[in-house]
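Given next are the chains, with one letter for each unit.
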Amino acid sequence: KARLTAEDDPTIAVLIPARDEEENLPRLLSQLLPPNPQLRVYVFDDDSSDRTAEVAAEAGATVIRGGPLPEGWTGKNRACDGLAQAAVEDSDAEWFLFLDADVRPKPDFIPALRGMLATLRPGVKVLTGFPQILPGRGVEPLFLGWVGWVLLATNPFGLVARTGLGHSQFTNGQTTLWRRDVYTELWPNRQVRSAVLEDVLLGRLLKREKIGLEVANFSSILQVKMYDTWRQTLDGMSKNAYEITGTTWGSVAVA
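Small disclaimer: the values here were computed from a predicted structure and weren't measured.

(A) Representation of the overall build of the chain in the model. Along the backbone of the chain there are eleven helices and ten strands. Evaluated residue by residue, the chain yields a buried proportion of 47% over its 255 residues. Considering only contacts in the chain between residues 6 or more positions apart, those separated by 24 or more positions represent 79%. For the chain, the exposed surface amounts to about 12900 Å²; the carbon and sulfur share of it is 52%.

(B) Local environment of helix α2 (residues 52-59). What α2 keeps buried is the set Thr 52, Ala 53, Val 55 and Ala 56. Summarising the axial view, the buried residues of α2 lie within an arc of 165°, below the 170-degree limit, and thus occupy one face. Turning to α2, the residues buried within the fold contact β1 (12-18), α1 (25-30), β2 (40-45) and β3 (62-65). Gly 60 sits one or two positions beyond α2 and adopts a positive phi of about 105°.

(C) Examining the sheet that holds β2 more closely. Strand order across the open sheet formed by seven strands is β3-β2-β1-β4-β8-β6-β9, with mixed pairing between neighbours. Every interior strand has two partners, whereas the edge strands, β3 and β9 (212-217), have only one. Taking the axes of each pair of neighbouring strands and ignoring which way they run, one obtains an average angle of 20° across the sheet. Contacting β1, β2 and β3, α2 runs over the sheet at an angle of about 155° to β3.

(D) Summary view of the environment of Asp 47. Mapping Asp 47 onto the fold places it in the loop between β2 and α2. With a relative accessible area of 52%, Asp 47 lands in the exposed category. Spatially, the C-alpha atom of Asp 47 lies 8.2 Å from that of Asp 20, the residues being 27 residues apart in sequence.

(E) Representation of the packing of aromatic side chains in the model. All told, the structure shown has seven aromatic pairs when counted by the stated rule. Measuring from ring centre to ring centre gives 5.7 Å for Phe 130 and Phe 157, while their planes differ by 65°; the resulting arrangement is edge-to-face. With a gap of 27 residues between them, Phe 130 in strand β6 (residues 124-130) and Phe 157 in helix α6 (residues 157-163) connect regions that are remote in the sequence. Taking the centre distance of 5.6 Å and the plane angle of 90° together, the rings of Trp 178 and Tyr 183 count as edge-to-face. The pair Trp 178 / Tyr 183 is uniform in exposure class, with both members buried. Pairwise contacts between aromatic rings join Phe 96, Phe 98, Trp 178, Tyr 183 and Trp 187 into one cluster.

(F) Inspection of the side chain of Asp 199 at higher detail. Tracing the chain through its elements places Asp 199 in helix α9 (residues 198-208). Buried charged residue Asp 199 carries no salt bridge. Nearest counter-charge: Lys 76, at 6.1 Å. Beyond its immediate chain neighbours, meaning those up to four positions away, Asp 199 contacts Thr 171, Asn 172 and Gly 173.

(G) Up close: the nonpolar core. Val 14, Ile 16, Leu 25 and Leu 32 are the most contacted members of the largest nonpolar core, which has 34 residues in total. Residue assignment for this core shows that the elements contributing at least two residues are β1, α1, β2, α2, β4 (95-99), α4 (109-118), β6 and β10 (222-224). If one sorts the elements of this core by residue count, α4 sits on top with five residues. If you look at the next biggest cluster of nonpolar residues, it comprises 27 residues, including Ala 79, Ala 93, Val 192 and Leu 213.

(H) Quick peek at the pattern of salt bridges. Applying the stated rule across the entire model yields ten salt bridges. Across the pair Asp 100 and Lys 76 runs a salt bridge whose closest N-O atoms are separated by 2.8 Å. One end of the pair, Asp 100, is in the loop between β4 and β5 (103-105); the other, Lys 76, is in helix α3 (residues 75-90), with 24 residues separating them in the sequence. For Asp 100, a relative accessible area of 16% translates into the label buried. Judged by its relative accessible area of 26%, Lys 76 falls in the partly exposed class. One salt bridge connects Asp 81 with Arg 190, and the closest N-O pair in it is separated by 2.7 Å. In this pair, Asp 81 sits in helix α3 while Arg 190 sits in helix α8 (residues 188-191), placing the two residues 109 residues apart along the sequence. Accessibility expressed as a relative area gives 4% for Asp 81, which makes it buried. Put simply, Asp 45, Glu 54 and Arg 65 are held in one network by salt bridges that share partners.

Rules behind the numbers
Residues numbered from 1 in each chain as written. Predicted model: local features only at pLDDT ≥ 70, side-chain atom pairs only at ≥ 80, totals over all residues. Heavy atoms only, no water. Helix = DSSP H or I, 4+ residues; strand = E, 2+ residues; numbered from the N terminus. Buried < 20%, exposed > 50% of the residue type's maximum accessible area, 1.4 Å probe, protein only. Contact = heavy atoms within 4.5 Å. Areas by Shrake-Rupley, 256 points an atom, 1.4 Å probe, with all protein chains shown as cover. Arc of directions from axis to C-beta. Pairing = 2+ DSSP bridges. Axes fitted to C-alpha atoms, helices over the stretch in contact; angles between N-to-C directions. Phe/Tyr/Trp six-rings, centres within 6.5 Å; stacked < 30°, edge-to-face > 60°. Lys, Arg positive; Asp, Glu negative; His and termini not counted. Salt bridge = Lys/Arg side-chain N within 4 Å of Asp/Glu carboxyl O. Core = buried A, V, L, I, M, F, W, Y, C linked by side-chain atoms within 4.5 Å.

Okay, here's the thing in structure tokens:
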């Protein structure tokens, strides 16, 4: 872990797209705001039917409320773009940290991220990574277990990081940090505004733009529970595989 002085700490704004997340937000925000009282956290309430906005505000986050979804946009891309606009106007943070509402950070999550940012290879402008995946009920872990193995077996993340050659071409939408200047130069979520699996296209965008990307192991500082039952997992992973490959047979081949 890097040892930093207060003056050296990379500054971070946390951006959370949320829709009907009143159950997840208290757990997430309680691990971000009390341990880091100066941290700026923004929550985009994407037309929720529950108390998402109220829960976020009560915890100390700045809440942005979305109106009707513009034509040609998915909800998450619109939310991420709106969050970045708010952070640009309201914060001088050097890094934008996008977090899904269902992630579960450990208390040292933000200090650990600052340490990683301070020691990134020259030229790296985006940091993403793998959290620990918490199992659901029944046989759900058997369905979900292949996700990490497929990604790690088909992408030479370690080789790219050690040699500086090639490009990982991968972002994990659950947690990604963008340098402010790079995000505001590209406004990447606008470029993939209609995509359901936007994180895949963002990885490809970074490769096209020749922007350095680091893929990290966040498993000791961040957890996520993606699905609870095998049916939810099968539906979600089938959709993702189809988005990546573009065909039913491609989805079968990935599985």
